[in-house]
Amino acid sequence: MTLDLLTTHYNYYAVALLLGIGLYTVIESPNLVKKVIGMNVFQTGIFLFFITLAFRNGGNPPVITEGAGPYVSPLPHVLILTAIVVGVSLTAVALALVVRVYSEYGTLDEDTLEQLYHD
């Protein structure tokens, strides 16, 4: 039973791996571009988690016909599509800010920027 559980729920391992890698990158990397990439990896893990939760064995598309059922809810998929659009916009704004910070201070290192700010 335990082996069956481990082999059939591999997508949860992918979610945990993506969330861990993204969070580690955001926390540990001093480079601002790497922080944006880590944020995107973390966000991808959240997307995968929500899509995984929406899966239903034997589920049919939510088109009402006779004898069809159970139905799969389209709401999680719609929410994730919206979140992807918001994520791309957030990434674009974050990278634009990174470019602005680099043009102003000449560095993307968080520690150097903190020293420049306090001096």
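Residues numbered from 1 in each chain as written. Predicted model: local features only at pLDDT ≥ 70, side-chain atom pairs only at ≥ 80, totals over all residues. Heavy atoms only, no water.

The protein appears in an unreviewed UniProt entry as Multicomponent Na+:H+ antiporter subunit C from Halorubrum sodomense.

(A) Spotlight on the overall build of the protein. Per the secondary structure count, the protein includes five helices and zero strands. When the helices and strands of the protein are read in sequence order from the N terminus, they spell out α-α-α-α-α. For 119 residues, the compact-globule estimate of 2.2 N^0.38 gives 14 Å, and the protein exceeds it by more than 25% at 20 Å. By its C-alpha atoms, the protein is 70 × 35 × 15 Å across when sized along the principal axes. By sequence separation, contacts in the protein at least 24 residues apart represent 49% of the contacts at least 6 residues apart. For the protein, the accessible area works out to roughly 8,700 Å², and carbon and sulfur atoms hold 70% of it. Taking the average location of the 4 positive side-chain charges in the protein and that of its 9 negative ones, the two points are 6 Å from each other. (Helix = DSSP H or I, 4+ residues; strand = E, 2+ residues; numbered from the N terminus. Rg over C-alpha atoms; globule rule 2.2 N^0.38 Å. Contact = heavy atoms within 4.5 Å. Areas by Shrake-Rupley, 256 points an atom, 1.4 Å probe, with all protein chains shown as cover. Lys, Arg positive; Asp, Glu negative; His and termini not counted. Charge placed at Lys NZ, Arg CZ, Asp CG, Glu CD.)

(B) Fine view of the environment of Met39. The residue Met39 is located in helix H3 (residues 32-54) in this model. C-alpha separation for the pair Met39 and Val98, spaced 59 residues apart in sequence, amounts to 14 Å.

(C) Main features of the pattern of salt bridges. A full pass over the atoms with the stated rule returns two salt bridges. Residue Lys35 pairs with Glu110 through a salt bridge whose shortest N-O separation is 3.5 Å. Residue Lys35 is found in helix H3, and its partner Glu110 is found in helix H5 (residues 110-118); the two are separated by 75 residues along the sequence. For Lys35, a relative accessible area of 16% gives the class buried. (Salt bridge = Lys/Arg side-chain N within 4 Å of Asp/Glu carboxyl O. Buried < 20%, exposed > 50% of the residue type's maximum accessible area, 1.4 Å probe, protein only.)

(D) Looking closely at the side chain of Thr91. Note on placement: Thr91 falls in helix H4 (residues 75-105). Residue classification places Thr91 among the buried residues on the basis of a relative accessible area of 15%. A distance of 2.8 Å separates a polar side-chain atom of Thr91 from the backbone oxygen of Gly87. Discounting residues that sit within four places of it in the chain, Thr91 has contacts with Val36 and Asn40. (Polar contact = N/O pair within 3.5 Å; in protein donor to acceptor, adjacent residues only side chain to side chain.)

(E) Expanded view of the packing of H3 against H4. Where H3 contacts H4, the axes come no closer than 10 Å and their chain directions differ by 175 degrees. In this view, H3 runs roughly antiparallel relative to H4, as classed from their interaxial angle. Of the residues in H4, those in contact with Leu32, Val33, Val36, Met39, Asn40, Gln43, Phe47, Phe50, Ile51 and Ala54 of H3 are Pro76, His77, Ile80, Ala83, Ile84, Gly87, Leu90, Thr91, Ala94, Leu95, Val98 and Val101. By residue class, the composition of the contact of H3 with H4 is 17 nonpolar, five polar and no charged. (Axes fitted to C-alpha atoms, helices over the stretch in contact; angles between N-to-C directions. Parallel < 35°, antiparallel > 145°, perpendicular 65-115°, else oblique. Nonpolar A, V, L, I, M, F, W, Y, C, P; charged D, E, K, R; others polar.)

(F) The arrangement of the environment of Glu114 in detail. Within the secondary structure, Glu114 sits in helix H5. Residue classification places Glu114 among the partly exposed positions, given a relative accessible area of 45%. Each C-alpha atom, one on Glu114 and one on Ile46, is 30 Å from the other, the two residues being 68 residues apart in sequence.

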